[in-house]
Amino acid sequence: MKSKKIIGRIDKLDLPELGLSKVQAKIDTGAYTSAIHCSKIHIEKTKEGTGFLVYTISGKRLGQGMKAKKFKTSEFKLKRIKSSNGQVQERYVIKTKIKIFNKIYNTEFSLSDRSHMKNPILLGRKLLSGRFVVDVTEENLSFEYHQK
């Protein structure tokens with residue numbers, strides 16, 4: 001049987017492909033898909049007609065004096081996702097890597113306006129399942145593990 005890491009209800013993680021580190025995330029077993037706070041989400045067409053997804057991750061929400069970063073990718077999907085209030089929304093979903101407990105995982109994030117939420121990242125069951133057990137009394141276990 002594969003052993004699972006214990007993760008708390010909140011942790012800090014890195015998104016190396018996006019150049020982000022120590023970003024606070026809420027661990028949410030009620031959510032299926034992970035989400036990341038973004039703004040200015042839109043599609044741009046090239047002269048050839050190829051579509052690129054463009055989005056901005058606000059530095060203010062990430063802390064550590066980071067400035068807002070604009071990203072562009074041709075690898076994305078549009079998916080129907082049920083929000084926390086039960087409404088189904090169409091959201092863009094990207095694939096990227098996260099680093100947690102010093103291990104890199106490939107995962108998907110839906111791009112969403114989380115400006116009204118305390119944490120800019122939400123980690124859902126799709127990433128957690130089979131890898132982590134959530135202990136809601138703990139916080140920053142991966143971050144503390146990384147500091148050792």
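Structure report, in brief. (Residues numbered from 1 in each chain as written. Predicted model: local features only at pLDDT ≥ 70, side-chain atom pairs only at ≥ 80, totals over all residues. Heavy atoms only, no water.)

### Quick word on the packing of aromatic side chains
- Inspection of the entire model under this criterion finds four aromatic pairs.
- With a centroid separation of 5.7 Å and 75° between ring planes, the pair formed by Phe 76 and Tyr 92 is classed as edge-to-face. Residue Phe 76 is found in strand E8 (residues 76-82), and its partner Tyr 92 is found in strand E9 (residues 88-100); the two are separated by 16 residues along the sequence.
- Overall, Tyr 92 belongs to the partly exposed group, its relative accessible area being 21%.
- Ring plane angle 65° and centroid distance 5.8 Å describe the contact between Tyr 105 and Phe 132, whose orientation is recorded as edge-to-face. (Phe/Tyr/Trp six-rings, centres within 6.5 Å; stacked < 30°, edge-to-face > 60°. Helix = DSSP H or I, 4+ residues; strand = E, 2+ residues; numbered from the N terminus. Buried < 20%, exposed > 50% of the residue type's maximum accessible area, 1.4 Å probe, protein only.)

### Some details on the pattern of salt bridges
- Tallied over the full model, the rule gives five salt bridges.
- For Lys 79, the salt bridge goes to Glu 108, with nearest N and O atoms at 3.0 Å. With a gap of 29 residues between them, Lys 79 in strand E8 and Glu 108 in strand E10 (residues 103-112) connect regions that are remote in the sequence.
- Note that Glu 108 and Lys 126 form a salt bridge whose closest N and O atoms lie 2.7 Å from each other. Of the two residues, Glu 108 sits in strand E10 while Lys 126 sits in helix H2 (residues 125-128), which places them 18 residues apart along the sequence. (Salt bridge = Lys/Arg side-chain N within 4 Å of Asp/Glu carboxyl O.)

### Focus on the nonpolar core
- Judged by nonpolar contacts, the single largest core of 27 residues is most densely connected at Leu 15, Ile 36, Tyr 55, Ile 98, Ile 100, Ile 121 and Leu 123.
- Within the residue set of this core, elements represented by two or more residues are strand E2 (10-15), strand E3 (20-27), strand E6 (51-57), E9, E10, strand E11 (121-123) and H2.
- At four residues, the largest contribution of residues to this core is made by E3.
- With residues near it in sequence (within four places) discarded, Ile 36 still touches Leu 15, Leu 18, Ile 57, Phe 109, Ser 110, Leu 111, Ser 112, Arg 114, Pro 120 and Ile 121. (Core = buried A, V, L, I, M, F, W, Y, C linked by side-chain atoms within 4.5 Å. Contact = heavy atoms within 4.5 Å.)

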